[in-house]
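# Remarks on the overall topology
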Amino acid sequence: TTVMLRKLPNNYSRDLLLELIEGEGFARRFDFLYFPIDFRTRAAVGYAFLNLCTPEDAEAFRHRLGGFSRWCLPSSKVCSVA
């Protein structure tokens, strides 16, 4: 089940996002992450797609990360999950 994360900080990296996802309890509960960047600026474009293993994992992820704003880098963005 794939979810879209929106309003991610542009100064985040794929590694930081993976660390966040796994730190929130979703290690080994997903099998694919698409985290596009602007190749010219090397900045994140602010969204990602994550494929979770079960519908239950996807629902738990939506509840856990929807409204998330405790980024490890300065940002006022609030994550939304669809």
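Owing to the predicted nature of the structure, the values given are computational and were not obtained by experimental measurement.

Take helix H1 (residues 14–26) next. Here H1 is 13 residues long, yet its end C-alpha atoms lie only 15 Å apart, well below the 18 Å a rise of 1.5 Å per residue gives. For H1, every residue scored as buried is listed here: Leu-17, Leu-18, Leu-20, Ile-21, Glu-24 and Phe-26. Projection of H1 onto a plane perpendicular to its axis shows the buried side chains occupying an angular sector of 160°, all on one side. Of the exposed residues in H1, the ones pointing more than 90 degrees away from its buried face are Asp-15, Glu-19 and Gly-23. Against strand S1 (2–6), strand S2 (30–34), strand S5 (47–52) and helix H2 (55–65) lie the buried residues of H1. With its phi angle positive at about 65°, Arg-28 sits one or two positions after the end of H1.

In this section: the sheet that holds strand S6 (residues 80–81). Spatial ordering of the open sheet is given by S2-S5-S1-S6, a layout of four strands whose pairing is antiparallel. In this open sheet, the two edge strands, each paired with only one partner strand, are S2 and S6. Strand direction decides the pairing type here: S1 and S6, joined by two bridges, are antiparallel. The residue bridging Leu-5 from the neighbouring strand is Val-81, located in S6. Of the strands in this sheet, S1, S2 and S5 touch H1, which is tilted by about 150° from S2.

Calculation rules
The residue numbers shown here count from 1 along each chain, following its written sequence. Given that this is a predicted model, residues contribute local features only at a pLDDT of at least 70 and side-chain atom pairs are listed and counted only at 80 or more, while totals for whole chains, interfaces and linings are drawn from all residues. Water and hydrogen atoms play no part in the side-chain values, which are based on all heavy atoms of the structure. Under the DSSP-based scheme used, a helix requires at least four consecutive residues in state H or I and a strand at least two consecutive residues in state E, with every element numbered from the N terminus. What a helix should span is 1.5 Å times the count of its residues minus one. Here's how the labels work: a residue is buried when its accessible area is under 20% of the maximum for its type, exposed when over 50%, partly exposed in between, all with a 1.4 Å probe on protein chains only. Think of it as the arc spanned by the lines of direction from the helix axis to the C-beta atoms. What makes two residues a contact is simply this: any of their non-hydrogen atoms within 4.5 Å. What makes two strands pair is DSSP finding at least two bridges between them. Note on geometry: axes are lines fitted to C-alpha atoms, helical ones only across the stretch in contact, with angles between N-to-C directions running from 0 to 180 degrees.

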